[in-house]
Amino acid sequence: MTLPLPSGDTWTRADYEALPEDLPVRVSLIHGELVVSPRPRPIHQRIARRLATRIEDAAPNAWQVDTDVDVLLDDDELEPVEIAPDIVVYSSEHDPYERPIHAESVTLVAEVVSPSTKRKDRRMQPALYAGAGIRHYWRVETDQTAPAFAVYTYELDDSSGAYVATGVHHDRVTATQPFALDIDLKSVRER
């Protein structure tokens, strides 16, 4: 498949939004550069879908939960940032027919780490999410051995503008923020 070339030296949001929705790869726009990643493995998608369902079941009506939807982190004309996290919890006031979701409407994003996304999910994307003011970040480590499966939870520290760890969860995620959650992780990770 041929991707359209950007209108200038960098990709704009208009260039990005003009891309077809059915691309055979995942595409993000980071500081005006198009970042292309392979589609995830089925187990990655299964874990993301199951965890999103558990979060959605617990979410109050003020929030909606989706997977793999575009979030606008920075609308800078020269270096826009638009990413599709694995899981997004955002305000029910946002029209689900509209994209992208603006970061100020998002309270939680979660990334399921795959072998090809380790650096991005552990370092680069959390910094972008924190910089956009998203309050909560979860990183799901999916090492193929069950004891290594864990959900790392973080909350934005207002004084530093960075995430601080709030827990490492192997069997169950119990949290009060962004809303009351009690998720059995065995039901998320089992094949």
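In case you missed it, the structure is sitting above this.
Quick caveat: nothing in here was measured; it's all calculated off a predicted structure. (Residues numbered from 1 in each chain as written. Predicted model: local features only at pLDDT ≥ 70, side-chain atom pairs only at ≥ 80, totals over all residues. Heavy atoms only, no water.)

Student: Just to check I follow, could you spell out helix 3 (residues 118-131) for this structure?
Tutor: Note on helix geometry: an α-helix contains 3.6 residues per turn, so any two residues three or four positions apart are oriented the same way. For helix 3, built from 14 residues, the straight-helix expectation of 20 Å at 1.5 Å per residue is met to within 8% by its first-to-last C-alpha distance of 20 Å. The sharpest bend along helix 3 reaches about 40° and sits at glutamine 125, with the proline proline 126 one to four residues further on. Buried residues of helix 3: Lys120, Asp121, Gln125, Pro126, Leu128, Tyr129 and Ala130, and no others. (Helix = DSSP H or I, 4+ residues; strand = E, 2+ residues; numbered from the N terminus. Expected span 1.5 Å × (residues − 1). Bend = angle between axes of the 7 residues up to and from the residue. Buried < 20%, exposed > 50% of the residue type's maximum accessible area, 1.4 Å probe, protein only.)

Student: Just checking my understanding: could you explain the pairing of strand 10 (residues 150-157) for this structure?
Tutor: Sheet topology note: the strand 9 (residues 136-141)/strand 10 ladder contains 6 bridges and is antiparallel. Within strand 10, the residue paired with histidine 136 across the bridge is glutamate 155. As paired elements, strand 10 and strand 11 (residues 162-169) share 7 bridges and run antiparallel to each other. Bridge pairing in strand 11 places tyrosine 154 opposite alanine 165. Taken together, strand 10 and the strand that follows it, strand 11, pair antiparallel across an intervening segment of 4 residues, in which glycine 161 is found at a positive phi of about 75°. (Pairing = 2+ DSSP bridges.)

Student: What is the right way to look at the nonpolar core in this model?
Tutor: The nonpolar side chains of a soluble globular protein tend to be buried with one another. Of all hydrophobic cores here, the largest spans 22 residues; its most connected members are Leu51, Ile55, Ile87, Trp138 and Ile183. Looking at this core, the elements with two or more residues in it are helix 2 (42-58), strand 6 (87-91), strand 8 (106-112), strand 9 and strand 13 (181-184). In terms of residue count, helix 2 provides more of this core than any other element does, 5 residues in total. Setting aside residues no more than four positions away along its own chain, isoleucine 183 makes contact with Leu51, Arg54, Ile55, Trp138, Asp171, Arg172, Val173 and Val188. Grouped together as the second largest cluster of nonpolar side chains are 20 residues, Ile30, Leu73, Ile83 and Ile134 included. (Core = buried A, V, L, I, M, F, W, Y, C linked by side-chain atoms within 4.5 Å. Contact = heavy atoms within 4.5 Å.)

Student: Is there a simple way to explain the sheet that holds strand 3 (residues 63-67) in this structure?
Tutor: Within a sheet, each strand pairs with its neighbour through backbone hydrogen bonds, oriented either parallel or antiparallel. Within the open sheet, the 6 strands sit side by side as 3-6-8-9-10-11. Their pairing is mixed. Two strands lie at the open edges of the sheet, namely strand 3 and strand 11, each paired on one side alone. Within the sheet, the average angular offset between the axes of one strand and its neighbour, ignoring direction, is 20°. Contacting strand 8, strand 9, strand 10 and strand 11, helix 3 crosses the sheet at an angle of about 165° to strand 9. (Axes fitted to C-alpha atoms, helices over the stretch in contact; angles between N-to-C directions.)

Student: Is there a simple way to explain the side chain of glutamine 125 in this structure?
Tutor: Looking at where glutamine 125 falls in the secondary structure, it is placed in helix 3. Residue glutamine 125 is classed as buried on the basis of its relative accessible area, which comes to 2%. Residue contacts for glutamine 125: discarding those within four places in its chain leaves Ile83, Glu111 and Lys120.

Student: How should the pattern of salt bridges be read in this particular structure?
Tutor: If the charged atoms of two oppositely charged side chains come close together, the side chains can form a pair. A complete count under the given rule lists 14 salt bridges for this structure. When the shortest N-O distance is used, the salt bridge between arginine 122 and glutamate 141 registers 2.9 Å. Here arginine 122 is found in helix 3, whereas its partner glutamate 141 is found in strand 9, with 19 residues between them in sequence. Judged by its relative accessible area of 39%, arginine 122 falls in the partly exposed class. (Salt bridge = Lys/Arg side-chain N within 4 Å of Asp/Glu carboxyl O.)

Student: Please clarify how a negative patch on the surface should be interpreted in this entry.
Tutor: Taken together, the side chains of Glu33, Asp74, Asp76, Glu77 and Glu79 define an acidic patch exposed on the protein surface. Among the secondary structure elements, glutamate 33 is positioned in strand 2 (residues 33-38). (Patch = residues over 30% accessible without salt bridge, like charges linked within 9 Å, V, L, I, M, F, W, Y side chains within 5 Å. Areas by Shrake-Rupley, 256 points an atom, 1.4 Å probe, with all protein chains shown as cover. Lys, Arg positive; Asp, Glu negative; His and termini not counted. Charge placed at Lys NZ, Arg CZ, Asp CG, Glu CD.)

Student: Please explain the packing of aromatic side chains as it appears in this structure.
Tutor: When we look at a pair of aromatic rings, we describe it by the centre distance and by the angle of the planes. Tallying each qualifying case throughout the model produces 3 aromatic pairs. Taking 5.8 Å as the distance between ring centres and 25° as the angle between the ring planes, the aromatic pair formed by tyrosine 137 and tyrosine 163 counts as stacked. Placement of the pair is tyrosine 137 in strand 9 and tyrosine 163 in strand 11, with a sequence separation of 26 residues. Both residues of the pair, tyrosine 137 and tyrosine 163, belong to the buried class. Ring pairing ties together the aromatic residues Tyr129, Tyr137, Tyr154 and Tyr163, which thus form one cluster. The aromatic ring of tyrosine 152 is capped on one face by arginine 139, whose charged end is 4.3 Å from the ring centroid. (Phe/Tyr/Trp six-rings, centres within 6.5 Å; stacked < 30°, edge-to-face > 60°. Lys NZ or Arg CZ within 6 Å of the ring centre and 35° of its normal.)

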